[in-house]
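Chain residues, written in single-letter form:
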Amino acid sequence: MGVPLLDLPAQYRELRSEIDAAIHDVMSSAGFIGGPRVKVLEESIAAYCGTEHAVGCASGTDALILVLEAMGIGAGDEIITTPFTFFATAESISRVGATPVFVDIERDSYNIDATLIEAAITERTKAILPVHIFGQCADMDAINGIAARHGLKVIEDACQAIGATYRGKQAGSLGDAAAFSFFPSKNLGAAGDGGILTTDDADLAARARKLANHGTARKYFHDDIGHNSRLDALQAAILSVKLPHLDRWNAERRAAAAVYDELLAGLPLALPVVRDHGEPVYHLYIVRTPEAPRVMEALKAAGIGTAVYYPRSMHLQDVYSDLGYGVGSLPQSEAAESETFAIPCFPGITREQQEEVAAVLREALT
Ligand SMILES: Cc1ncc(COP(=O)(O)O)c(C=O)c1O
């Protein structure tokens, strides 16, 4: 029968009348930029994450850029981050003129290896930017401890982790500031691009808000070079319909992960490892085998959605060739590139669909 990697239309089908009404409401009012719908979403996300402030913007990438700029990070500064992420993490650092410094990952969680961070700190280091990859929080106690000892900021790339927890606290409330993406395939996805940043720091939030709006806090008076990076009211309205369902959807992802853990146990396939520091939200369910290309072919032939996240580590991207990392410099990230892939895991996936995926994997691996 086949199983998609993600079933986005199902989310719309479930909430169709509410989403349609929200869209109709925005269209009728013609209040497309800013206004009460964006404010409501910002307040709801801040409350959900347990932060004082949330500032909507055009994408998760922009949320990272705005946080970095609002912190005054720029040319000459170094930011420590992970090589095993979507390009936007590193790109945002480069976009503000700073230099990404890549630190290898933990073999089993795929998150930045906090035990390697201190050795990468120089007098130019300004911040640590961990990514909660695939929806599981990085080792934030260790990261915050290092940051405190060295006077560094901590910026969470929480783009894949809305709703994930770490020692009872929400992703997005674990550092000085955080970035979330509302890219449609994210756990909380818009009908297009969108993003938001969260922080407890009122000054940082105000600076980021100003930068997102052409460097102005007072119309037609500009004291900064900013961006046009605002969250559309249409997106905010749709996201406000979806947000109350997020915890249930994340619980469904966790339940689906538990089913795979059971169905795939005993196969020569490494399954996601969950740290005891919190609850992940399985933005992706990642499995690992040295036979990844052959197994993925079998899945594709059976009509089962699968993809590699990510086929090339950041330190080996052409654009970063001048940073001086060679093949073999960050071995865990490089090994993960060629051995890991995602299998279907989304809210509403049925046990039958998961059994179909597991049967193909079993056939390919035994
Ligand atoms: C880890 C990570 N960081 C940053 C981003 C950038 O988010 P956006 O696509 O909304 O710009 C994404 C998602 O695409 C992501 O997965």
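Our subject is the structure that appears above.
Trainee: Just to check I follow, could you spell out the sheet that holds strand β8 (residues 177-181) for this structure?
Mentor: In any sheet, the strands associate via hydrogen bonds between backbone groups, in a parallel or an antiparallel arrangement. Taken in spatial order, the seven strands of this open sheet run β1-β9-β8-β5-β4-β2-β3, and their pairing is mixed. For this open sheet the edge positions go to β1 (53-57) and β3 (99-102), each flanked by a neighbour on one side alone. Pairs of neighbouring strands in the sheet enclose a mean axial angle of 25°, with direction left out of account. Most of the contacts of helix α2 (residues 36-49) go to β1, to which it runs at about 130°, and overall it touches β1, β8 and β9 (195-199). Sitting on the sheet, helix α5 (residues 140-150) is in contact with β4 (125-129) and β5 (153-157), with an inclination near 150° to β5.

Trainee: Before we go on, may I ask you to explain a negative patch on the surface in this structure?
Mentor: The grouping of Glu52, Asp176, Asp200, Asp201 and Asp203 at the surface amounts to a negative patch. Within the secondary structure, Asp203 is located in helix α6 (residues 202-212). The exposure class assigned to Asp203 is exposed, which follows from its relative accessible area of 54%.

Trainee: What is the right way to read the site of the ligand from this model?
Mentor: Around the ligand sit 14 residues, and of these Gly60, Thr61, Asp157, Ser181 and Lys186 come closest. In this structure, an oxygen atom belonging to the ligand sits 2.8 Å away from a main-chain N or O atom of Gly60. Here Lys186 contributes a side-chain N or O atom positioned 3.1 Å from an oxygen atom of the ligand. In isolation the ligand has 390 Å² of accessible area, and contact with the protein removes 93% of it. Taking a 2 Å distance to the grid points as the criterion, the majority of the atoms of the ligand fall inside the largest pocket. The set of elements that each furnish at least two residues to the shell around the ligand consists of α3 (60-70) and α4 (88-95). Partitioning the shell around the ligand into residue classes produces four nonpolar, eight polar and two charged.

Trainee: How should the nonpolar core be read in this particular structure?
Mentor: One broad trend across soluble globular proteins is that nonpolar side chains are buried collectively. Core analysis: the largest hydrophobic core is formed by 51 residues, its most contacted members being Ile45, Ile80, Ile117, Ile128, Ile143, Phe182 and Leu188. When residues of this core are traced back to their parent elements, those giving at least two are α1 (8-29), α2, α5, α7 (233-242) and α8 (246-263). Other than its neighbours up to four places away in sequence, Ile128 contacts Ile80, Ile117, Ile143, Ile146, Ala147, Leu152, Lys153, Val154 and Ile155. The next biggest cluster of nonpolar side chains, apart from the first, holds 28 residues, and it includes Val3, Phe341, Ile343 and Phe346.

Trainee: What's the story with the packing of α3 against α4 in this structure? I'm lost.
Mentor: Describing two packed helices takes the angle between their axes plus the distance from one axis to the other. Relative orientation of the contacting elements α3 and α4 amounts to 40°, with a least axis distance of 9 Å. Classified by chirality, the crossing of α4 by α3 is right-handed. Only Ala88, Thr89, Glu91, Ser92, Ile93 and Arg95 of α4 make contact with α3, whose side of the interface consists of Thr61, Leu64, Ile65 and Leu68.

Criteria and cut-off values
- Residues numbered from 1 in each chain as written.
- Predicted model: local features only at pLDDT ≥ 70, side-chain atom pairs only at ≥ 80, totals over all residues.
- Heavy atoms only, no water.
- Pairing = 2+ DSSP bridges.
- Helix = DSSP H or I, 4+ residues; strand = E, 2+ residues; numbered from the N terminus.
- Axes fitted to C-alpha atoms, helices over the stretch in contact; angles between N-to-C directions.
- Contact = heavy atoms within 4.5 Å.
- Patch = residues over 30% accessible without salt bridge, like charges linked within 9 Å, V, L, I, M, F, W, Y side chains within 5 Å.
- Areas by Shrake-Rupley, 256 points an atom, 1.4 Å probe, with all protein chains shown as cover.
- Salt bridge = Lys/Arg side-chain N within 4 Å of Asp/Glu carboxyl O.
- Lys, Arg positive; Asp, Glu negative; His and termini not counted.
- Charge placed at Lys NZ, Arg CZ, Asp CG, Glu CD.
- Buried < 20%, exposed > 50% of the residue type's maximum accessible area, 1.4 Å probe, protein only.
- Near = heavy atom within 4 Å.
- Polar contact = N/O pair within 3.5 Å; in protein donor to acceptor, adjacent residues only side chain to side chain.
- 1 Å grid on protein atoms, 1.4 Å probe; cavity = no way out; pocket = protein on both sides within 12 Å on 5 of 7 lines; lining within 4 Å.
- Sits in = over half its atoms within 2 Å of the grid points.
- Nonpolar A, V, L, I, M, F, W, Y, C, P; charged D, E, K, R; others polar.
- Core = buried A, V, L, I, M, F, W, Y, C linked by side-chain atoms within 4.5 Å.
- Left-handed = near helix turned anticlockwise from the far one by under 90°.

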